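Examination of the molecular architecture
Spelled out from the first residue to the last, the chains are:
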Number of protein chains: 2
Amino acid sequence: MPRFRLTLAYDGTEFHGWQRQEPPGLPPLRTVQGVLEAAVRDVVRAPVLVVGASRTDAGVHALGQVAAFSAETSVPVERMPLAITSRLPEDVQVREAAIVADDFDPIGDCRSKGYRYRVLHTGPPAHWPDLFQRRTTYFSYHALDPDRMDEAARLLEGEHDFASFAQASHGRETTVRTIHSCRVRATGPYALELDVSGSGFLYNMVRIVAGTLVEVGRGRLVPEDMTRIIAAQDRRAAGPTLPPEGLCLMWVRYGEGPSACAPTSGAPPGTPAEE
Amino acid sequence: MPRFRLTLAYDGTEFHGWQRQEPPGLPPLRTVQGVLEAAVRDVVRAPVLVVGASRTDAGVHALGQVAAFSAETSVPVERMPLAITSRLPEDVQVREAAIVADDFDPIGDCRSKGYRYRVLHTGPPAHWPDLFQRRTTYFSYHALDPDRMDEAARLLEGEHDFASFAQASHGRETTVRTIHSCRVRATGPYALELDVSGSGFLYNMVRIVAGTLVEVGRGRLVPEDMTRIIAAQDRRAAGPTLPPEGLCLMWVRYGEGPSACAPTSGAPPGTPAEE
């Protein structure tokens, strides 16, 4: 049975996250996996399981989520994006489809992922959150210094124990992860973006990193504090978890053959609560 | 009793337009005027009538709507934007407040208004509406030529009978209006903006102008057709009414003393259905 890999984009605002949720005795919650499985079922005319690379939380967006399913179908792969997207609500789109190896595992084969966290902050013309970006940015009522934030961000690059940046209920055996790149850059006078990529992330890790960097940006921490915060291995040492709307999954990368998304010492693929 | 003029911005997506609507026996609809009057009442501690310059339709946005109310209050005018906005839902903001003459009439004293209509169109990277701009742009599945659209737009400038660009139920005695400026410019490879300003607009006029210019942009009309369409004085001669989400009220301008928003030959201020 052929296996298909999809690249997806979605506006997460009106979804209860990626993962299908069917509380007993209640109508199922609106999730990306839920609406996608319904659309794919309609295209291939059979029930399917669609597995996503990243279980994004409620309100988190994606421009490059990856998902896979197996199905017998007469629909050629090049028609798949249009066929599925035309059956999806307007806040999810299939951008690409490809045929992959029968055993392709979007979670287990993942080599790295990239996330972006977008922040607007205050200045003379912006005492209030931007009306038309409030669904896709976090707004800080404090002026932020992107250069200081970038200096701090770089100290997170490399292999570290990120226990300080994991929600207590992370459910992982190890909190060691490798961040390939962590950078902050100004994108306008009162706008900045955090771009972070790595082999795997703990639950809420990017949002806690963003919250800690905002503390640096407003001057409540200095960049050098990052080293101390990592060493503490204590969630209370880091800054707050920023809200989901600023976060977007930008891409998921795969190599040749299986390569674990979590570090080799980490939990097996499929362990919940990886964002 | 002092009179206050407010400059407002709102994301119109989740409003049933500007104008208060209280259908008998039903809960009131969510309107900008409705939420604003509730917030102002809470600030000045008395019932107030807030009059807006433009009765924007459901889904239409504003960056520079003007509204006015009269009230006795101890709140200084410079505190008014913060005081009101902090009591408003996150999709409406008071950007400025000023004390004006007791007889200031946001509709009757209006000298000109500016609207923007934003369009995204298709190209190799954009077979689908932009996920994060779908609430504030119209998406055309046809490639558009902004230069041809601009050429056509300029033919609308000046005083004309715009009967062809008015919804049949416009309810106005005259359909003669003056357009000060009507221009289209590309804002990106597959993005364009129509900016139109004038002394007054008929119901749905900007959306019909935009729909007619899109017909030019995709090659179904030539710019010179605009002259014929104006002369027809028939709604059927013009293009379709584009949806509200692309439209934004950018500014409302006032002169010294009262000056009619509609042309002197037009309907009296207060006639409904001016957009």
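What you see is a predicted model; the values in this text were computed from it and never measured. (Residues numbered from 1 in each chain as written. Chains lettered and ligands numbered in written order. Predicted model: local features only at pLDDT ≥ 70, side-chain atom pairs only at ≥ 80, totals over all residues. Heavy atoms only, no water.)

Things to note about the packing of aromatic side chains
Residues and elements named next belong to chain A. All chains considered together, the criterion is met by 12 aromatic pairs over all chains. Note on Phe 139 and Tyr 141: the rings are 4.8 Å apart at their centroids and 90 degrees apart in plane angle, and the pair reads as edge-to-face. Using a relative accessible area of 10% as the deciding quantity, one classes Phe 139 as buried. The ring of Phe 104 has Arg 5 lying over it, and the distance from NZ or CZ to the ring centre is 6.0 Å. Here Arg 253 stacks its cationic end above the ring of Trp 251, 3.8 Å away from the centre of that ring. (Phe/Tyr/Trp six-rings, centres within 6.5 Å; stacked < 30°, edge-to-face > 60°. Buried < 20%, exposed > 50% of the residue type's maximum accessible area, 1.4 Å probe, protein only. Lys NZ or Arg CZ within 6 Å of the ring centre and 35° of its normal.)

Thoughts on the interface of chain B and chain A
With 23 residues of chain B at the interface, the matching set in chain A holds 23 residues. With both chains or domains summed, chain B and chain A bury close to 1800 Å², and 65% of this area falls on carbon and sulfur atoms. On the chain B side of the contact with chain A, Trp 128, Leu 131 and Phe 132 of chain B bury the most area, a combined 40% of that side's loss. Our enumeration of links across chain B and chain A arrives at four salt bridges. The closest approach of N and O atoms between Arg 134 of chain A and Asp 11 of chain B, which form a salt bridge, is 3.0 Å. At the junction of chain B and chain A, the tally comes to six residue pairs in polar contact (both at pLDDT 80 or more). Where the side of chain B that touches chain A is concerned, the elements lending two or more residues are β1 (3-10), β3 (61-70), α2 (80-85) and β4 (92-100) of chain B. In terms of residue count, the dominant contributor to the side of chain B that touches chain A is β4 of chain B (four residues). Tallied by class, residues from the side of chain B that touches chain A come to 11 nonpolar, five polar and seven charged. (Contact = heavy atoms within 4.5 Å. Buried area = accessible area lost by both parts, 1.4 Å probe. Salt bridge = Lys/Arg side-chain N within 4 Å of Asp/Glu carboxyl O. Polar contact = N/O pair within 3.5 Å; in protein donor to acceptor, adjacent residues only side chain to side chain. Helix = DSSP H or I, 4+ residues; strand = E, 2+ residues; numbered from the N terminus. Nonpolar A, V, L, I, M, F, W, Y, C, P; charged D, E, K, R; others polar.)

Some details on the domain arrangement of chain A
All names here are of chain A. Once the domains are mapped, chain A shows domain 1 (3-100) and domain 2 (110-263). The distance between the C-alpha centroids of domain 1 and domain 2 comes to 26 Å. Surface buried jointly by domain 1 and domain 2 totals about 1300 Å² across both partners, of which 53% is contributed by carbon and sulfur atoms. Looking at the side of domain 1 facing domain 2, the largest losses of area belong to Asp 57, Val 60 and His 61, adding up to 34% of the total buried there. Taking the shortest distance from any N to any O, the salt bridge between Glu 14 and Arg 135 comes out at 3.1 Å. For the side of domain 1 that touches domain 2, the residue count by class is six nonpolar, seven polar and three charged. (Domains from an automatic or database assignment.)

A look at the confidence of the model for chain A
Where the model shows low pLDDT, its predicted coordinates should not be examined in detail. Residue and element names in this part refer to chain A. Per-residue confidence for chain A averages 91 on the pLDDT scale, and 90% of its residues sit at or above 70. Counting contacts from residues 257-275, a segment whose pLDDT is below 50, to residues more than four positions away or on other chains yields 53 contacts. Predicted as a complex, the structure gets a pTM of 0.86 and an ipTM equal to 0.81. (pLDDT = per-residue confidence, 0-100.)

Looking at the pattern of salt bridges
Applying the stated criterion across every chain yields a total of 34 salt bridges over all chains. With a closest N to O distance of 2.8 Å, Glu 193 of chain A and Arg 185 of chain A form a salt bridge. Among the ionic contacts, a cluster of salt bridges with common partners joins Asp 11, Glu 14, Glu 90 and Arg 135 of chain A together with Arg 134 of chain B.

Some thoughts on the packing of helix α3 (residues 146-154) of chain A against helix α4 (residues 205-217) of chain A
Residues and elements named next belong to chain A. Their axes nearest at 8 Å, the elements α3 and α4 cross at an angle of 135 degrees. On the basis of their axis angle, the class for α3 and α4 is oblique. The crossing of α3 and α4 is right-handed. Two secondary-structure elements touch here, α3 through Arg 148, Met 149, Ala 152 and Ala 153 and α4 through Leu 213, Val 214, Val 216 and Gly 217. (Axes fitted to C-alpha atoms, helices over the stretch in contact; angles between N-to-C directions. Parallel < 35°, antiparallel > 145°, perpendicular 65-115°, else oblique. Left-handed = near helix turned anticlockwise from the far one by under 90°.)

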